[in-house]
Amino acid sequence: MSVLAIVPAYNEASRVEGVVLRARKHVEEVAVIDDGSTDETASMARKAGATVLRLPINLGYGAALQTGYLYAAKEGFDALVQLDADGQHDPMEIPGLLEPVIEGECDLALGSRFLGGGTWRGAALRRVGMRFFSMLVKLLAGQVITDPTSGFQAMNRKVIERLAGGAYPEDFPDADVLVMLLRERFRVQEVGVVMRSSPTGKSMHSGIRPIYYVVKMLLSIFVVILRRSERRTR
Amino acid sequence: MTPRQRVFAVIVAVSLMVLIIDLVRRRKLKEELSILWLLTGFGVVVLSASYRLQLWLTHLIGAASSSTTVFGFAFLFLILISLHYSVRLSVMADQIKTLSQELALMKAKHGEDGHSEG
């Protein structure tokens, strides 16, 4: 089974090299999607041996991820793991995250910081928000997801193709994507992972605009529910 | 504001919100661009439904009547939305320019512009 690691990155020149070097030990190829960085992110990633997909303009985290999915689909990879470039996600956890996907136990494995320990400590408001969206996912999709905002994920080809084509939320692909996949009967499983606090104190997923995030996420989830189902029959 | 005017304003605002959500559902309108429209519609509904709020705002801004207040604020929101889109268009114009320049450079590098590289 061929596996690609995708690492969306925006101005992570000081950290991306280490992430790529460690990730390369566990996958066939690492693709760094440079989301219009203004520093040396692309060259540092290339130096570490990654394939660099350089977006000429900053499109946002979701669009950068989708670029990775498109690359994986086009190159024929069987599975994909996605992780952040800031060192928050430990590449040593990749085999554990990939295992249920490779074994066929699930279509998407979600790394949960609440099941795996680690030094992650988010602000109280963020933890409340995550709890809220966790409850919303349970209500709308019938499955308990402890960490709905986790960007540390592994997926098989069916999920890659689903996310590479069609609509994909470009700024905050979190709980709305999970609700969409669960309602389309993809199998999602959580795996405990160690997750560190972002070295810069920032995260692609955390909001400097938390109110906008909540409003946008609620709207996105509402639209997912409304859309004519593209359910797969299993 | 007469009850008929209030009902009319609420119906128009709710209809607008339903239309916007349907446009987003059919992928004709991006979600992030719909939020301001939905907030505007919601604001008009709240303002139309709450007579006390209308009176307070009417007094605050010195409007002639509460119906002037409701439609005045709706007009103000529309101006702000137009300004928002002007800013977005300006950003997109820069992005299109960047993409076009990158494409031209790539074509020149790969000899696709009809001239081979020296």
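Not measured: the values here are computed from a predicted model.

A.B. asks: Explanation requested: the overall build of chain A in the structure shown.
C.D. replies: Secondary structure summary: chain A contains nine helices and seven strands in total. At a minimum sequence separation of 6, the contacts of chain A that also span at least 24 residues come to 79%. Accessible surface, chain A: about 9900 Å² in total, of which carbon and sulfur atoms supply 54%.

A.B. asks: Sorry, what's going on with the pattern of salt bridges here?
C.D. replies: A side chain with one charge may pair with a side chain of the opposite charge, provided their charged atoms come close. Residues and elements named next belong to chain A. Tallied over the full model, the rule gives 10 salt bridges over all chains. Notably, a salt bridge pairs Arg 187 with Asp 107, separated by 3.1 Å at the nearest N-O pair. Placement of the pair is Arg 187 in the loop between helix H8 (175-183) and strand S7 (188-192) and Asp 107 in the loop between helix H4 (94-102) and strand S5 (108-112), with a sequence separation of 80 residues. The partly exposed category is assigned to Arg 187, whose relative accessible area is 30%. By relative accessible area, which is 0% here, Asp 107 ends up buried. For the salt bridge of Glu 184 with Arg 162, the shortest nitrogen-to-oxygen distance reads 2.7 Å. Placement of Glu 184 in the loop between H8 and S7 and of Arg 162 in helix H7 (residues 157-164) is noted, with a sequence separation of 22 residues between them. Neither Glu 184 nor Arg 162 differs from the other in exposure class; each is buried.

A.B. asks: Looking at this structure, how should I read the packing of aromatic side chains?
C.D. replies: We describe a pair of aromatic rings using the distance from one ring centre to the other and the angle between the two ring planes. All names here are of chain A. Overall, the coordinates contain two aromatic pairs over all chains when judged by the stated rule. For the pair Phe 132 and Phe 133, a centre-to-centre distance of 5.1 Å together with 70° between the ring planes defines the contact as edge-to-face. Residue Phe 132 is classed as partly exposed on the basis of its relative accessible area of 36%. Relative accessible area serves as the criterion here: at 1%, Phe 133 is assigned to the buried category. Aromatic pair Phe 133 and Tyr 213: ring centres 5.8 Å apart, planes at 85°, arrangement edge-to-face. Of this pair, Phe 133 sits in helix H6 (residues 124-141) while Tyr 213 sits in helix H9 (residues 210-226), placing them 80 residues apart in sequence. Each member of the pair, Phe 133 as well as Tyr 213, is classed as buried. Aromatic ring contacts, followed pair by pair, group Phe 132, Phe 133 and Tyr 213 into a single cluster.

A.B. asks: Which parts of the structure should I look at to understand the confidence of the model for chain A?
C.D. replies: When pLDDT is low, close inspection of the predicted coordinates is not appropriate. Taken over all residues, the pLDDT of chain A has a mean of 87, while the share at 70 or more is 88%. Here residues 230-234 of chain A scores under 50 on pLDDT; set against residues more than four positions off or in separate chains, the count is 15 contacts.

A.B. asks: Explain the pairing of strand S2 (residues 29-35) of chain A to me, please; I cannot follow it from the model alone.
C.D. replies: Residues in a regular strand point their side chains to alternate faces of the sheet. Residue and element names in this part refer to chain A. Burial analysis of S2 places six of its seven residues in the buried class, which makes it a mostly covered element. Direction of pairing for strand S1 (residues 3-9) relative to S2: parallel, over a ladder of six bridges. Following the sheet pairing, Val 7 is matched in S2 by Val 32. In terms of handedness, the path from S1 via helix H1 (residues 16-23) over to S2 forms a crossover that is right-handed. Sheet topology places S2 next to strand S3 (residues 51-55); five bridges connect them, and they run parallel. Its bridge partner lying in S3, Ala 31 is registered against Thr 51. Assessed by its sense of winding, the connection that carries the chain from S2 through helix H2 (residues 41-47) to S3 is right-handed.

A.B. asks: I'm lost on H4(A) in this one. Help?
C.D. replies: Side chains three or four residues apart in an α-helix point the same way, a direct result of the helix having 3.6 residues per turn. Residues and elements named next belong to chain A. Listed in full, the buried residues belonging to H4 are Ile 94, Leu 97, Leu 98, Pro 100 and Val 101. The arc that holds the buried residues of H4, viewed along the axis, is 155°, so those residues lie on one side. Immediately downstream of H4, the backbone of Gly 104 shows phi near 80°, a positive value.

A.B. asks: Explanation requested: the environment of A:Arg54 in the structure shown.
C.D. replies: Residue and element names in this part refer to chain A. One can find Arg 54 in strand S3. Residue class for Arg 54 comes out partly exposed when judged on its relative accessible area of 43%. As for Arg 54 and Phe 222, which are separated by 168 residues in sequence, their C-alpha atoms are 33 Å apart. Contact partners of Arg 54, with chain neighbours within four places excluded, come to Asp 34, Ser 37 and Ala 42. Within the structure, the side chain of Arg 54 is placed 3.1 Å from the side chain of Asp 34, a separation counted as a polar contact. A distance of 3.3 Å separates the side chain of Arg 54 from the backbone oxygen of Ser 37, its partner in a polar contact.

A.B. asks: Is there a simple way to think about the interface of chain B and chain A in this case?
C.D. replies: Where interface size is given, it is often the accessible area lost as the parts come together that is meant. At the interface, 14 residues of chain B touch 17 residues of chain A. Both sides of the chain B and chain A interface together cover about 1500 Å² of buried area, and 63% of this is carbon and sulfur. The largest per-residue losses of area from chain B upon contact with chain A belong to B:Arg25, B:Arg27 and B:Glu31, which jointly make up 41% of the total buried on that side. Across the pair A:Lys216 and B:Glu31 runs a salt bridge whose closest N-O atoms are separated by 2.9 Å. Put simply, chain B and chain A have four residue pairs in polar contact (both at pLDDT 80 or more) between them. Elements with a minimum of two residues in the side of chain B that touches chain A: helix H1 (3-25), helix H2 (31-49) and helix H4 (66-109) of chain B. Residue contributions to the side of chain B that touches chain A peak at five residues, all from H2(B). Classifying every residue of the side of chain B that touches chain A gives five nonpolar, three polar and six charged.

Rules and cut-offs
Residues numbered from 1 in each chain as written. Chains lettered and ligands numbered in written order. Predicted model: local features only at pLDDT ≥ 70, side-chain atom pairs only at ≥ 80, totals over all residues. Heavy atoms only, no water. Helix = DSSP H or I, 4+ residues; strand = E, 2+ residues; numbered from the N terminus. Contact = heavy atoms within 4.5 Å. Areas by Shrake-Rupley, 256 points an atom, 1.4 Å probe, with all protein chains shown as cover. Salt bridge = Lys/Arg side-chain N within 4 Å of Asp/Glu carboxyl O. Buried < 20%, exposed > 50% of the residue type's maximum accessible area, 1.4 Å probe, protein only. Phe/Tyr/Trp six-rings, centres within 6.5 Å; stacked < 30°, edge-to-face > 60°. pLDDT = per-residue confidence, 0-100. Pairing = 2+ DSSP bridges. Right-handed = clockwise from strand over helix to strand, strands pointing away. Arc of directions from axis to C-beta. Polar contact = N/O pair within 3.5 Å; in protein donor to acceptor, adjacent residues only side chain to side chain. Buried area = accessible area lost by both parts, 1.4 Å probe. Nonpolar A, V, L, I, M, F, W, Y, C, P; charged D, E, K, R; others polar.

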